[in-house]
Structures are given as C-alpha cells and as structure tokens.
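Coordinates in review
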Amino acid sequence: MMSLLKRYVLGRFVYSYLLSAAGLIGIFLVVDFFERVDEFVSRGLPYSDLVFYYIYKVPNIAFYMAPQAVMLATVITLATLARDNEIVAMKACGISITGITLPILGSSLVIALLILASSEYLTPITNKKMNHIFFVKVRQKPTYGTIQREKIWLVAKDGAIWNIDQFDPEKGRMSKVSIFYKYDGRSIQKRIDVDEVVWTGKEWEFIAGYVRTFRPDGLDTTVYFAKKVFPVAETPDDFKKMKIFSEELSLREMYDKIQELGAEGKDTVKNRVELQQRLSYPFISIVLALLAIPLSLRSSRHGGVLFCVGVNLAMGFVFSFLYAMGISLGFGGIFSPVLAAWGPFAFFSSLGFYLIFTLDSEETIPGFKL
C-alpha cells in the first residue's frame, strides 16, 4: 500500500517537473530568441545556424532552470494533493508527511546528480559549439577560440615559470620573455630576461638578453649575451594556450586550471569560487524541495495553488539573494570558496528539515513542550 502511494506521488512529481522544466526553458528560449534573432538575420546566416544555436543552448538553460523547476513541481504536486484531500487520506492510512514526500526528495537528488553529470560531460561541449556560432559567425570575432598570443604564463616541465609578452606560434617566435627559476619553492635562484626567443626546429635560441643569479640576501651575478641556447624541454606546441570561457570547461578542467594557475603564482580565488559554484548549484534543487514541501503544505491550508506558488517564490528569492551574495563575497575574498558556495545550503537545509519534521506535530519542536 505504502509503496503504491509513493509511486503515485513520484509519478505526479515527475510529470509536474517535466512540465515546469519545459515551460521555463521555453520561456527563456522565446525571450532570448527575440533578443538575438536580429543579429543572425543582419549577418545573412542560414536558419540552420539559428536552430543549432538554440539546440546547443538548451543544456545550459536546463542547468540553471533545474532548481526552479523542482520547486515549482514540488509546489504543484503537494498543493494539488492537498486540495483534493489526498494528503489527509494518506495520513489516515498511517503514512507520515516524511513518507509522503520522500519520493520528491529522492527525485530532487537524482535530478541534481543528473545536472551535475551534464555539467561535466555535456554542457561544456554544447557551450563551445554555441559560442562558436555566436562569436565567430554572428559577432565575427576571430580571436575567439584561437591560440593566446599575448601575456602568456606557463610553468615549464623543469619547474621554471615563463612570462611571454608576445608569441607567434606559426613562426615559433617569442618577444619580451622572462623566465624564473626557484630553488626552494619560494625564492628566485635565477632569472633570464631576453628580447627574443626563436625556435630553430630543434632548440630555442635566446637573443639579446641577460641572466641574473641571486643569493638569499640579494643579487649575485648578471651576465649579458647576444645569442645563447638554454636547455628547454618544451616545443612551440607546448606554448599554445587556447582562449576559452569558464562555462566551456568541465569540472575536471576547471580543477586542472586552478592547479596550473596556482603553480604559476597567480591568484586563484575567483576560479575556486567558480568551481564551488558549479558544484553546488545543481544541489539547490534539494534545498528548494526541502523548503517547498512544508511551505506548500502549510500555505495550502490558507489558499490555493497560486498562493502556494507565491509563498515559495518569495522563499526562493530570499535563498537566491543570499546565495548570490555569498558568491560575491567569495569573489571578494571575504568568504572562503567553500563557505561562499555552500554556506546558504547549511542554513536553509536545516530550516527545511525543521519545518518538515514539525508538520506532523502541533508542538513547535517535536518532543519538547514549551
């Protein structure tokens, strides 16, 4: 009996979720279409580019709309069940509120994991194709997706840090290059500054530069040279770095980029916050479901479905505001990346569990009389 009722609730929730997700994605696509269509038409591009652009855009929209769709599906499912007195009938059969809503929470977890998997394996691919159509074909930006040619930082295989002002990958030529060698992970042991570095086909020739060595207390020696060859394991292909957006990176690629930037001595706070944001965002679905369950059941006693939707949208707005604020404080370095992305989850999840566990009791806190 209980398993049958749980399957019934699960079916109602999945149906409501699919409708909500389709509606939200459809609204976003329609609004975005009227904003973008003029650019496609003015360039004289074939309609197939416009169609594929929006096909590739769907996974990215689904990523951001999943939590809102879960909240709406939860509200609609529980509000309609309460309106038809099905919640009362289930409770009369001895099923608690937690038992009734367990399929909703389980589905929310599955949706969050699917969205997370999509963020790792599907969304980066479709985002690259979508951005290629928009930036290369529509905006005609030749630098998008091309090899970086200016202000390059690279950690070489021997641990040296290269700073390259200009790089010509076709000719294998660099200009204004500085190379830093560390002897204890911190202090600089040697530094090479050179006007030009040229690939001969077998090795790198350093032209018009100087080598400085350092002691712990300061500069030791400075040696100037007109042309010299230094042992470098890298070839021109190793210096070819592509310009890509963070949304085009998988979670693993974002982590590898953080490690690379950290090894180069760059500030990685923003990148670490972005990674935690990508990891945490799908699980907003669970938090909104935890909040929507008690709010829907409580507000259904005082109004219909629209009233329930209004109450939950207000709570969702409060959560989204605090979540966005936490991310902003993380970018500013005030909060740690983990606290910035996951802090609101702890508070609102606790609030949601508290409201759920007190639904079956008339007491403020079950087991305690105030």
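On a predicted model such as this, the values are computed, not experimentally measured, just so you know.

**Comments concerning the side chain of Ser285**
Considering the arrangement of structural elements, one finds Ser285 in helix α8 (residues 284-299). Look past the residues within four positions of Ser285 in its chain and what remains in contact with it is Ala66, Pro67, Val70 and Ser108.

**Some thoughts on the nonpolar core**
Buried together is how nonpolar side chains tend to be arranged in soluble globular proteins. In terms of nonpolar packing, the biggest core is built from 57 residues, with Tyr17 and Phe319 touching the most fellow members. With 11 residues, the top contributor of residues to this core is helix α2 (residues 47-83). Residue contacts for Phe319: discarding those within four places in its chain leaves Ile284, Val287, Leu288, Pro344, Phe345 and Phe348. Listed in part, the 21 residues of the second largest apolar core include Ile152, Tyr181, Phe225 and Val232.

**Topic: the pattern of salt bridges**
Per the stated rule, a full pass over the model turns up 13 salt bridges. Linking Glu39 and Arg139 is a salt bridge whose minimum nitrogen-to-oxygen distance equals 2.7 Å. Taken together, the positions of Glu39 in helix α1 (residues 2-42) and Arg139 in the loop between α5 (123-138) and β1 (150-155) put the pair 100 residues apart, joining distant regions of the chain. Between Arg215 and Asp220 there is a salt bridge; the shortest N-O distance is 3.0 Å. The class of Arg215 is partly exposed, set by a relative accessible area of 39%. The partly exposed category is assigned to Asp220, whose relative accessible area is 40%. Salt bridges sharing partners connect three or more residues here, namely Asp32, Arg36 and Lys57.

Conventions used here
Residues numbered from 1 in each chain as written. Predicted model: local features only at pLDDT ≥ 70, side-chain atom pairs only at ≥ 80, totals over all residues. Heavy atoms only, no water. Helix = DSSP H or I, 4+ residues; strand = E, 2+ residues; numbered from the N terminus. Contact = heavy atoms within 4.5 Å. Core = buried A, V, L, I, M, F, W, Y, C linked by side-chain atoms within 4.5 Å. Buried < 20%, exposed > 50% of the residue type's maximum accessible area, 1.4 Å probe, protein only. Salt bridge = Lys/Arg side-chain N within 4 Å of Asp/Glu carboxyl O.

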